[in-house]
Amino acid sequence: MAKFSIKQAGRELKGNAKTPKRIFLVFIALLLIIIGIVSTPLPGFPSRITMLIGLVLLSISSPSVYAWVKRRTQKYPRIQSFADRFRNRVINFIYPSR
């Protein structure tokens, strides 16, 4: 298995400043993670998917979270491909090609 480091994760959001896009992403990601944790005991609510989407959104603004998600999803290629595709779509939505 390949290991992913924080240096390999990189940063898609430009700069280290607290941009409105980055603040919005972190807020939505934390909200989804909290909703996923709270809804875990509820039957019929997809709490794992909600938490995964929150982690993927958080990984866009944090290279350490990106590396953590990559390491944790290595054993599950379908989940990793879903996370990568979703992350790329969000990045392309935030920063469209010029």
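What comes next concerns the included structure. (Residues numbered from 1 in each chain as written. Predicted model: local features only at pLDDT ≥ 70, side-chain atom pairs only at ≥ 80, totals over all residues. Heavy atoms only, no water.)

### Digging into the packing of helix α3 (residues 47-61) against helix α4 (residues 63-72)
Any two packed helices are characterised by how steeply their axes cross, that is the angle between the axes, and by the distance between the axes. Closest axis-to-axis distance for the α3/α4 pair is 6 Å, and the angle between their directions is 135 degrees. As far as their axial angle goes, α4 and α3 are oblique. Taken together, the residues of α4 that come into contact with α3 (itself represented by L55, L58, S59 and S61) are P63, V65, Y66, W68 and V69. Here the contact of α3 with α4 is built from residues that sort into seven nonpolar, two polar and no charged. (Axes fitted to C-alpha atoms, helices over the stretch in contact; angles between N-to-C directions. Helix = DSSP H or I, 4+ residues; strand = E, 2+ residues; numbered from the N terminus. Parallel < 35°, antiparallel > 145°, perpendicular 65-115°, else oblique. Contact = heavy atoms within 4.5 Å. Nonpolar A, V, L, I, M, F, W, Y, C, P; charged D, E, K, R; others polar.)

### Some words on the nonpolar core
Counting residues in hydrophobic clusters, the biggest one holds eleven residues: L25, A29, I33, L57, L58, I60, V65, V69, V90, I91 and I94. Listing elements by their share of this core, those giving two or more residues are α2 (20-38), α3, α4 and α5 (77-94). (Core = buried A, V, L, I, M, F, W, Y, C linked by side-chain atoms within 4.5 Å. Buried < 20%, exposed > 50% of the residue type's maximum accessible area, 1.4 Å probe, protein only.)

### Re the pattern of salt bridges
Taken as a whole and judged by the stated rule, the model has one salt bridge. Linking K70 and D84 is a salt bridge whose minimum nitrogen-to-oxygen distance equals 3.0 Å. Of this pair, K70 sits in helix α4 while D84 sits in helix α5, placing them 14 residues apart in sequence. With relative accessibility at 10%, the residue K70 sits in the buried group. With relative accessibility at 23%, the residue D84 sits in the partly exposed group. (Salt bridge = Lys/Arg side-chain N within 4 Å of Asp/Glu carboxyl O.)

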